[in-house]
Amino acid sequence: KQEVTQIPAALSVPEGENLVLNCSFTDSAIYNLQWFRQDPGKGLTSLLLIQSSQREQTSGRLNASLDKSSGRSTLYIAASQPGDSATYLCAVRWYGGSQGNLIFGKGTKLSVKP
Amino acid sequence: GAGVSQSPSNKVTEKGKDVELRCDPISGHTALYWYRQSLGQGLEFLIYFQGNSAPDKSGLPSDRFSAERTGGSVSTLTIQRTQQEDSAVYLCASSLGGATGELFFGEGSRLTVL
């Protein structure tokens with residue numbers, strides 16, 4: 001069964017700290033993995049998309065890595081700011097998988113304290 | 001349009017009434033997803049459309065829920081005889097067809113059933 005797990009469910013850090021969010025998945029035969037952020041009461045905003053042939057993607061202070069063999073992706077946030085406070089979700093796309101070939105993790109709720 | 005558009009943004013209805021929620025995907029996107037998110041919870045897959053293929057309806061919670069996609073573009077999610085447990089945010093997302101497309105979300109339709 002294809003599953004996506006995000007641990008921890010919640011994380012609180014002081015402003016300025018570098019941090020890592022984790023996403024693990026069963027079945028390494030993926031097409032891609034996408035990271036999103038969700039602010040309260042809002043839809044999901046796409047942050048980074050990593051294709052299966054890539055090892056990492058960067059956007060500003062964000063860096064996402066992908067290790068298919070171990071079934072893991074990490075989202076690194078440098079020099080965290082209070083504005084980074086949100087829930088971060090990862091979604092994995094598999095060939096021939098269920099739910100439109102796309103499975104979401106339950107997210108990590110990040111709180112950055114000033 | 002520039003992004004995924006959903007309407008209405010908020011809907012309050014009485015138990016037993018029918019509601020329709022609309023999703024206008026990004027132009028040219030052939031894949032369209034509907035999700036439900038209850039307060040403080042993760043995403044619950046409802047239905048997936050891909051081009052002219054038969055939709056994946058495996059996530060629809062009951063036969064009160066249905067969805068259609070006309071002309072391969074706009075989609076309507078219909079909930080008949082609404083119940084209080086249907087109260088949630090209904091999110092729509094679209095992507096280019098195929099396995100590698102980046103997923104984009106609308107802002108959601110918040111449904112409250114009194």
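For the structure, see preceding data.
What you see is a predicted model; the values in this text were computed from it and never measured.

Peer 1: Is there a simple way to explain the interface of chain B and chain A in this structure?
Peer 2: Buried accessible area, meaning the area lost when the parts come together, often serves as the stated size of an interface. The interface is formed by 19 residues belonging to chain B together with 19 residues belonging to chain A. Summing the contributions of chain B and of chain A, the shared interface buries around 1,600 Å²; its carbon and sulfur component is 53%. Linking chain B with chain A are 0 salt bridges. Taken together, the links from chain B to chain A amount to 5 residue pairs in polar contact (both at pLDDT 80 or more). Those elements that place two or more of their residues in the side of chain B that touches chain A are strand S4 (31–37), strand S5 (44–50) and strand S8 (88–95) of chain B. By residue number, the principal contributor to the side of chain B that touches chain A is S4(B), which donates 3 residues. For the side of chain B that touches chain A, a count of residues per class yields 9 nonpolar, 6 polar and 4 charged.

Peer 1: Could you clarify how one ought to interpret the packing of aromatic side chains in this entry?
Peer 2: The relation between two aromatic rings is expressed through the spacing of the ring centres and the mutual angle of the planes. If you walk through the whole model with that rule in mind, you get 8 aromatic pairs over all chains. Consider the rings of Phe104(A) and Phe105(B), whose centres lie 6.0 Å apart with planes at 75°: the pair is edge-to-face. Remark: Phe105(B) occurs in strand S9 (residues 104–105) and Phe104(A) occurs in strand S10 (residues 102–104); the pair is interchain, linking two chains. Both residues of the pair, Phe104(A) and Phe105(B), count as buried. Pairing Tyr33(B) with Tyr35(B) gives two aromatic rings, centres 5.9 Å apart and planes at 10°, and the pair type is stacked.

Criteria and cut-off values
- Residues numbered from 1 in each chain as written.
- Chains lettered and ligands numbered in written order.
- Predicted model: local features only at pLDDT ≥ 70, side-chain atom pairs only at ≥ 80, totals over all residues.
- Heavy atoms only, no water.
- Contact = heavy atoms within 4.5 Å.
- Buried area = accessible area lost by both parts, 1.4 Å probe.
- Salt bridge = Lys/Arg side-chain N within 4 Å of Asp/Glu carboxyl O.
- Polar contact = N/O pair within 3.5 Å; in protein donor to acceptor, adjacent residues only side chain to side chain.
- Helix = DSSP H or I, 4+ residues; strand = E, 2+ residues; numbered from the N terminus.
- Nonpolar A, V, L, I, M, F, W, Y, C, P; charged D, E, K, R; others polar.
- Phe/Tyr/Trp six-rings, centres within 6.5 Å; stacked < 30°, edge-to-face > 60°.
- Buried < 20%, exposed > 50% of the residue type's maximum accessible area, 1.4 Å probe, protein only.

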